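Here are the chains, one letter per residue:
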Amino acid sequence: DEEQADKLMSLPDSDTIIDLIIYDESKGMNKYDDDRLVSYEKLILMGKKYKNNNDKKYTKMLDDIDENCICVLCPTSGTTANPKGIIFNQINIISKRFARALALPKLSSEDKFLCYLPLFHTFGRYFELMGSIFWGASYSFAESRAFNSLINDFKLIKPTIFISIPKRWVQLHDMVKTKLDLD
């Protein structure tokens, strides 16, 4: 949206480090005169046009992918032990996605993810981010990792899906328990 575009475009050297800003909500976007701002609809059309004009190149690129080649090395936080790197290849990523889709058939484009886990977190990246893309769900980033800010995000976003570390679940439980006076 307009607020997020303002933030991105105000970054130092944003004109040299950001090539494209894709937006879904067009409200307020017509005030900008910047070729980097592209609507989601226009991005889809650009992709189709590129594919049509470069069909052989596109097909060759897809044919040349080695599904067993390492494509991502994802560091872990070391929550349960020392930090380590998890290696993913194309087959790992696709099979994880379809396995989760089969395990969670009721998730859909009606769902709203509240992203709290950092994107370097394997579950945050491969369940939250890729899952929201797969299901067509909304994906909103938490304003901050601070607990009070997170509570405000819950009120604002009203997520149907929230994934977090055990410490946050304990804090949420304690807050609900206190507010409802469950003792």
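Here the structure is a predicted model, which means the values were calculated and not measured. (Residues numbered from 1 in each chain as written. Predicted model: local features only at pLDDT ≥ 70, side-chain atom pairs only at ≥ 80, totals over all residues. Heavy atoms only, no water.)

Novice: Run through the nonpolar core, naming residues and quoting values.
Specialist: If you look at the biggest cluster of nonpolar residues, it comprises eleven residues: A101, L107, F113, C115, L117, F127, W135, A137, Y139, I161 and I163. If you list the elements that add at least two residues to this core, you get β5 (112-115) and α6 (122-135). Residues in contact with F127, not counting those within four places in the same chain, are R97, R100, L104, L107, F113, T122, S132, W135, I161 and I163. A142, F147, I157 and L172 belong to the second-largest nonpolar core, a separate cluster that totals nine residues. (Core = buried A, V, L, I, M, F, W, Y, C linked by side-chain atoms within 4.5 Å. Buried < 20%, exposed > 50% of the residue type's maximum accessible area, 1.4 Å probe, protein only. Helix = DSSP H or I, 4+ residues; strand = E, 2+ residues; numbered from the N terminus. Contact = heavy atoms within 4.5 Å.)

Novice: Could you give me a rundown of the state of the cysteines, with the residues and numbers involved?
Specialist: Going through the model one piece at a time under the given rule, you end up with zero disulfides. Cysteine C71 remains unbridged, with the sulfur of C69 as its closest cysteine sulfur at 8.7 Å. (Disulfide = S-S within 2.5 Å.)

Novice: Can you break down a nonpolar patch on the surface residue by residue, with the values?
Specialist: Taken together, L20, I22, Y40 and I44 make up a surface patch of nonpolar side chains, about 340 Å² in accessible area. Checked against the element boundaries, I44 lands in helix α3 (residues 40-53). Residue I44 is classed as partly exposed on the basis of its relative accessible area of 35%. (Patch = residues over 30% accessible without salt bridge, like charges linked within 9 Å, V, L, I, M, F, W, Y side chains within 5 Å. Areas by Shrake-Rupley, 256 points an atom, 1.4 Å probe, with all protein chains shown as cover. Salt bridge = Lys/Arg side-chain N within 4 Å of Asp/Glu carboxyl O.)

Novice: Run through the pattern of salt bridges, naming residues and quoting values.
Specialist: Applying the stated criterion across every chain yields a total of five salt bridges. Among the salt bridges present, the one from R36 reaches D34, with a minimum N-O distance of 2.8 Å. In this structure, the salt-bridge partner of K51 is D55, at a minimum N-O distance of 3.6 Å. Overall, the relative accessible area of 34% leaves K51 in the partly exposed class. Since its relative accessible area comes to 38%, D55 is described here as partly exposed.

Novice: Let's hear about the packing of aromatic side chains: which residues, and what values?
Specialist: Any pair of aromatic rings gets described here by the distance separating the centres and the angle formed by the planes. One pass over the structure, following the stated rule, counts eight aromatic pairs. Between Y116 and F162, the aromatic rings sit 6.0 Å apart at their centres with planes inclined by 55°, giving tilted as the arrangement. Taken together, the residues Y116 in the loop between β5 and α6 and F162 in strand β7 (residues 161-162) connect sequence positions 46 residues apart. Judged on exposure class, the residue Y116 and its partner F162 are both buried. Measuring from centroid to centroid gives 4.9 Å for F154 and F162, while their planes differ by 65°, and the two rings are edge-to-face. The partly exposed category is assigned to F154, whose relative accessible area is 25%. (Phe/Tyr/Trp six-rings, centres within 6.5 Å; stacked < 30°, edge-to-face > 60°.)

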